[in-house]
Amino acid sequence: MEARVNSPLEKQLAALPEPLIAPTGRRLERLRDGGAAIDDAALAPFVRLVAFSEFAARTLVRERDWFLARPDLVTTPPSRADLDRFVAEVVGSDEPEEAVQARLRRFRNRFLVHLLMRELEASPDPAETLAGLSALAEAMLDAAAQVAAATREPRFGRVLSGTGEPVPLVILGMGKLGGHELNFSSDIDVIFLYPQDGETDGPRRLSAPEYFARLSQGIVRLLDEVTSDGFVFRVDTRLRPFGDSGPPVTSFAALESYLLQHGRGWERYAYVKARIVGPPPPPAVAGELVDELIRPFVYRGYLDYGIFESLREMHALIAAEVTRRELKDNVKLGPGGIREIEFIVQSLQLVRGGGRPELTVRNLQKAVPALVGRGGLDADDARTLLAAYRFLRRLENFIQALDDRQVHELPDDPTDRQRLALAMGYDDWAGLVAELDRHRATVSRQFDAIAFRDADGHDADSGIAARVETLWQERRDADAWVPVLESAGIEQAAAVAAALTAFARSTAVERMDTDSRRRIRAFLPRLVSALADSATPDVALARLLAIVEQVLRRSAYIALLNENAGALRHLVALCEKSAYLAEQVARHPMLLDELLDPRIYTMRISRGDFEAEAGERLGSVDEADSEQLIERLGQFQRANLFRIAVADFNGTLPIMRVSDCLTDLAETVLGQALTIAWQDLVRRHGPPEYLEDGTRYRAGFGILAYGKFGGMELSYASDLDLVFLHDSHGDKQVTAGPKPLENAVFFTRLVRRLVHFLTTQTGSGMLYEVDTRLRPDGRSGVLVTSVEAFEKYQDDNAWTWEHQALLRARPVAGSARIGREFERIRAETLVSRVRRDSLKEDVVAMRRRMRDNLDKGSAGRFDLKQGPGGIADIEFIVQYLVLANAARRRAVIHYPDNIRQLGVLAAAGCLAETEATGLQEIYRRYRQRLHHLSLDEKPPLVDADEFAAERRSVRDSWDRAFAA
């Protein structure tokens, strides 16, 4: 190509690295045709494109007119509209397949040159190129499928089901196509499927399998066959059931049978990215395939830590292949390459995706941020992993774009190396390789941390471990176990041996599958090692084996403990000290995952944290799917209840913070459940409204907490004492929806639905027991009371014990307006409506009745709750003093909890400060002991002398408060 001295073209050539100037000049010579000029603005990108890619240079020779007519290629990305328009033109052209083949190939080559020019000039994030290539493949599949079907329809017709409905061909895109992540010269992995059997309705009738086999072959030929124009995409169908030996097209029923009976671990990885491509089938067909067949196969409804075993197995096979084929310079399969990044991300998706739909995204760059936290990736690791992925994918694209070849190895040719350095923005090859090595080292380090974390990292002596495995496999009796357990340092070896041998003979063990047997065999030496640190290993083992028996049919939980030595040690310690925690894990094995979160051992969580996590868990569920929302809410509640209990057990939460956390958790759950119930009813009936003075108003609904919930003193098994109010009044009290209800009916249904949500046993257990007997008139009263009726009841009918209850009441959910009205009524009642002339006698009589009916103590045992000098006595002292002084010292009614009420009584001069402080400290000690007894599922009874001094002090305070 001739150029003037110092011409723009000569300047652009001179700006290239020296090794590229001559070959680029020769390529530009081939583009000379009649002296047509290239726009100066496009000249620099054009020269770099030709310098970099032989494929681009060849394409530009053939598509010169197209290129010269598109000076906007660098500044304008390819659009989906361009693809859709092209597909419509091809499908509507009625051209023979040979002509369609040529059109598809020419369009593909232009599209690739456009993407390549953009990537050479754009940012180092290859997302646009990967998405563009994937969109191109989808469009080409769409066009090929429609053309192939139209070509065959005159002879065969369409496939119809037995009921006369059309049966579509469904194309499942796998791998990088499914994830919108195709390479520059990728194969496209597809599986051809059809939803049900049928027969064509044309002149020559074929069964569905016969017809779809021919149709799929036509699609592949249109895309895959190499012609003088090249090819569109190489099509790989080997991921179909049974691979090359299986039929080319598979029915949904056959796919389901295959996945259930023959699906292997590596196929679960493959199906992570599976999605429907090509002509879209009816929504019901798509839903059946994705939601009913693929998703249950890929994502388990439990924590699938067994996936790390298959990850290590696949990694070992690939590592052997890398060694055999000398793939160390392969950016995809080599150490620290793209495949390791994919394995890291997909493994973490598979472990938790069954319970967290937000992790089931197909695109890797979208999956990585979703995996941050909650047992997934550290934020810094996620950032470096994404940076490595983008670097490696961009490098891979440029390697393939050199000459449109599906290669992944770094080139040996010095000129090609210089081209890659130019494309990637490095001055020389050495700089590019240094950055590549840095990224690969980061990936390898993270892969090892994920795949091999804690694997074989337990502390068991190898000799003892081997003996334990032998004893287990040979089903030896307890006498043979005892010396081995003693040598491992286990106390009460005989009891532990008896428990292990009884477990070995249990029905659950007898029915174990192959995976469970392998995992239990690996688990037992780890368990024996962990028991050596236990003071009461027989207690710990009995509770832990109850958990193991529950999860044997889902032995991925055993894999979790095998993968995480620290989690197993913590579980043994928790089982030894807490029957409650052990029982919770046995009922809800997903709680085992909580043991992997280091936050659980410090538990610095706030109400805001609860709200944020609840929003995150529920945010991915359709708001109309109340059943699934409550299931998620149950998982959230169980996990956080467990976290609080573990922190309490470890002594990292003061007793009042334990109650605060339990109360905050209950308020969060109650608020979310109310929202779900409210939305359900409003969708059907509209919101409740009323008419007052000619204006329509929205009626409000509020929930009041009484008792321990109201006093912010919840324990682990506490009921929720709830009262429900509404403020509907005036005229036309009806909902404003398609199926209107009277407001009273609406609110009654709302409460019943809410209570149903809270008390129904779901897969996550029951949320809370609910007690509504503290409402006005108790069980005989209406379930929801108007604000006016509530105030009238307090004025006319409330008893002293109800005033005591009102002291520990507060608004916890619903309308803020109703909450303010309740606070006003509460204050006025406690100040002005208490019958103080009989207050002392009423309180003493009530306490006497409670003690007579509820005290479970004896001569040698003290009932912490109801015994003389116990918790109830402190509560009654406080309630009496607050009610007696409320008229003179209004400030004493401000708080609903005992600790702060004692503080205000002292500040107001109603109680000596030393006495108030003493009662506060005793109350905390009682509550602490009560919590720990609850954690071990023991009654609230202690030895009579354990709190002797505290009991005397409380009785002295009682005598002073109620002295005649």
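Structure: see above.
In what follows, the accompanying structure is described. The model shown is predicted, which means the values in this text are computed figures rather than measured ones. (Residues numbered from 1 in each chain as written. Predicted model: local features only at pLDDT ≥ 70, side-chain atom pairs only at ≥ 80, totals over all residues. Heavy atoms only, no water.)

**Re the overall build of the chain**
- Check the secondary structure of the chain and you find 41 helices and 17 strands.
- Once the C-alpha set of the chain is aligned to its principal axes, its extents read approximately 120 × 90 × 70 Å.
- Taking contacts inside the chain between residues at least 6 apart in sequence as the whole, the part at least 24 apart equals 75%.
- A total accessible area of about 40,500 Å² is found for the chain, and carbon and sulfur atoms account for 49% of it.
- Of the charged side chains in the chain, 126 are positive and 143 negative; the average position of the first set lies 2 Å away from that of the second. (Helix = DSSP H or I, 4+ residues; strand = E, 2+ residues; numbered from the N terminus. Contact = heavy atoms within 4.5 Å. Areas by Shrake-Rupley, 256 points an atom, 1.4 Å probe, with all protein chains shown as cover. Lys, Arg positive; Asp, Glu negative; His and termini not counted. Charge placed at Lys NZ, Arg CZ, Asp CG, Glu CD.)

**Let's talk about helix H30 (residues 626–649)**
- With 24 residues, H30 ought to run about 34 Å at 1.5 Å a step, and its terminal C-alpha atoms sit 34 Å apart, in line with that.
- Burial within H30 is extensive, with 21 of its 24 residues counted as buried.
- Once H30 ends, the next one or two residues include Gly651, with phi positive near 80 degrees. (Expected span 1.5 Å × (residues − 1). Buried < 20%, exposed > 50% of the residue type's maximum accessible area, 1.4 Å probe, protein only.)

**Details of the sheet that holds strand S8 (residues 688–692)**
- Read across the open sheet, the three strands follow the order S9-S8-S12; overall the sheet is antiparallel. The sheet is open, and its two borders are formed by strand S9 (695–698) and strand S12 (731–735), each paired with just one other strand. The mean angle between the axes of side-by-side strands here comes to 25 degrees, regardless of whether they run parallel or antiparallel. (Pairing = 2+ DSSP bridges. Axes fitted to C-alpha atoms, helices over the stretch in contact; angles between N-to-C directions.)

**A short note on the packing of aromatic side chains**
- Tallied over the full model, the rule gives 25 aromatic pairs.
- Centre to centre, the rings of Tyr271 and Phe297 are 5.8 Å apart; their planes meet at 90 degrees, and the pair counts as edge-to-face. With a gap of 26 residues between them, Tyr271 in helix H12 (residues 265–271) and Phe297 in helix H13 (residues 283–298) connect regions that are remote in the sequence.
- With relative accessibility at 8%, the residue Phe297 sits in the buried group.
- Ring geometry for Phe790 versus Phe822: centroids 5.9 Å apart, planes at 50 degrees, classification tilted. One end of the pair, Phe790, is in helix H34 (residues 787–796); the other, Phe822, is in helix H36 (residues 816–833), and 32 residues separate them in sequence.
- Members of the aromatic cluster, connected to one another through ring pairs, are Trp678, Phe701, Phe724, Phe746 and Phe747.
- Here the basic side chain of Arg108 rests over the ring of Phe231, its NZ or CZ set 4.8 Å away from the ring centre.
- Between the NZ or CZ atom of Arg847 and the centre of the ring of Phe876, over which it lies, the distance is 5.9 Å. (Phe/Tyr/Trp six-rings, centres within 6.5 Å; stacked < 30°, edge-to-face > 60°. Lys NZ or Arg CZ within 6 Å of the ring centre and 35° of its normal.)

**Examining helix H8 (residues 127–156)**
- If you check H8, its first and last C-alpha atoms are 42 Å apart, about what 30 residues at 1.5 Å a residue would give, namely 44 Å.
- A positive backbone phi angle near 80 degrees is found at Gly157, which sits one or two residues after H8.

**Some details on a negative patch on the surface**
- Taken together, the side chains of Asp622, Glu623, Asp625 and Glu627 make up a negatively charged region of the molecular surface.
- Turning to its location among the elements, Asp622 is positioned in the loop between helix H29 (607–619) and H30.
- Exposure remark for Asp622: the relative accessible area of 52% places this residue in the exposed category. (Patch = residues over 30% accessible without salt bridge, like charges linked within 9 Å, V, L, I, M, F, W, Y side chains within 5 Å. Salt bridge = Lys/Arg side-chain N within 4 Å of Asp/Glu carboxyl O.)

**Section: the side chain of His114**
- Along the chain, His114 falls in helix H7 (residues 97–121).
- Assessed through its relative accessible area of 5%, His114 is described here as buried.
- Here Thr76 takes part through its backbone oxygen, which lies 2.6 Å from a polar atom of the side chain of His114.
- Contact partners of His114, with chain neighbours within four places excluded, come to Arg70, Leu73, Thr76, Pro77 and Pro78. (Polar contact = N/O pair within 3.5 Å; in protein donor to acceptor, adjacent residues only side chain to side chain.)

**Description of the environment of Leu704**
- Along the polypeptide, Leu704 turns up in strand S10 (residues 701–706).
- For the pair Leu704 and Gln672, spaced 32 residues apart in the sequence, the C-alpha separation amounts to 15 Å.
- Contacts of Leu704, omitting those with residues within four sequence positions, involve Asp721, Leu722, Val723, Leu725, Phe790, Arg810, Pro811, Val812 and Phe822.

**A few points about unusual backbone geometry**
- Despite not being glycine, Asp94 has its phi angle at roughly 60 degrees, a positive value.
- Unusually for a residue other than glycine, Glu937 sits at a positive phi of about 55 degrees.
- Among the structural elements, Glu937 can be located in the loop between helix H40 (913–935) and strand S17 (941–943).
- The class for Glu937 is partly exposed, based on a relative accessible area of 45%.

**Section: the nonpolar core**
- Among the nonpolar cores identified, the biggest contains 246 residues, and Ile219 and Tyr271 are the most heavily contacted of them.
- For this core, the leading source of residues is H8, giving 14 residues.
- Those residues in contact with Tyr271 that sit more than four places away from it in its chain are Leu172, Met174, Ile191, Leu239, Leu255, Leu259, Ile294, Phe297 and Val298.
- Ranked by size, the runner-up nonpolar core spans 56 residues in total, among them Val787, Leu830, Ile877 and Ile893. (Core = buried A, V, L, I, M, F, W, Y, C linked by side-chain atoms within 4.5 Å.)

**Some thoughts on empty space enclosed by the protein**
- Taken as a whole and assessed by the stated rule, the structure comprises four cavities of 30 Å³ or more.
- In this structure, the largest cavity encloses a volume near 80 Å³.
- What lines the largest cavity is Tyr271, Val272, Ala274, Val290, Ile294, Arg295, Val298, Tyr299, Thr360 and Arg362.
- Broken down by element, the residue count for the lining of the largest cavity peaks at four residues, all from H13.
- Its residues assigned to classes, the lining of the largest cavity shows seven nonpolar, one polar and two charged. (1 Å grid on protein atoms, 1.4 Å probe; cavity = no way out; pocket = protein on both sides within 12 Å on 5 of 7 lines; lining within 4 Å. Points joined across faces, edges and corners; volume = space filled by probe spheres on them. Nonpolar A, V, L, I, M, F, W, Y, C, P; charged D, E, K, R; others polar.)

**Focus on the pairing of S9**
- Two strands pair when backbone bridges link them, and S8 and S9 are joined in this way by four bridges, in the antiparallel orientation. Residue pairing across strands places Glu689 opposite Arg698, the latter belonging to S9.
- Where S8 hands over to S9, the hairpin turn is made up of two residues, of which Asp693 adopts a positive phi near 55 degrees.

**A few points about the packing of helix H37 (residues 839–854) against helix H38 (residues 871–885)**
- At a minimum axis separation of 10 Å, H37 and H38 run at an interaxial angle of 165 degrees. Here H37 lies roughly antiparallel to H38, going by the angle between them. Of the two elements, H37 crosses H38, and the hand of that crossing is right-handed. Within the contact between the two elements, H37 uses Leu839, Lys840, Val843, Met846, Arg847, Met850 and Arg851 and H38 uses Ala872, Asp873, Phe876, Tyr880, Leu883 and Ala884.
- Across the contact of H37 with H38, the residue classes break down as nine nonpolar, no polar and four charged. (Parallel < 35°, antiparallel > 145°, perpendicular 65-115°, else oblique. Left-handed = near helix turned anticlockwise from the far one by under 90°.)

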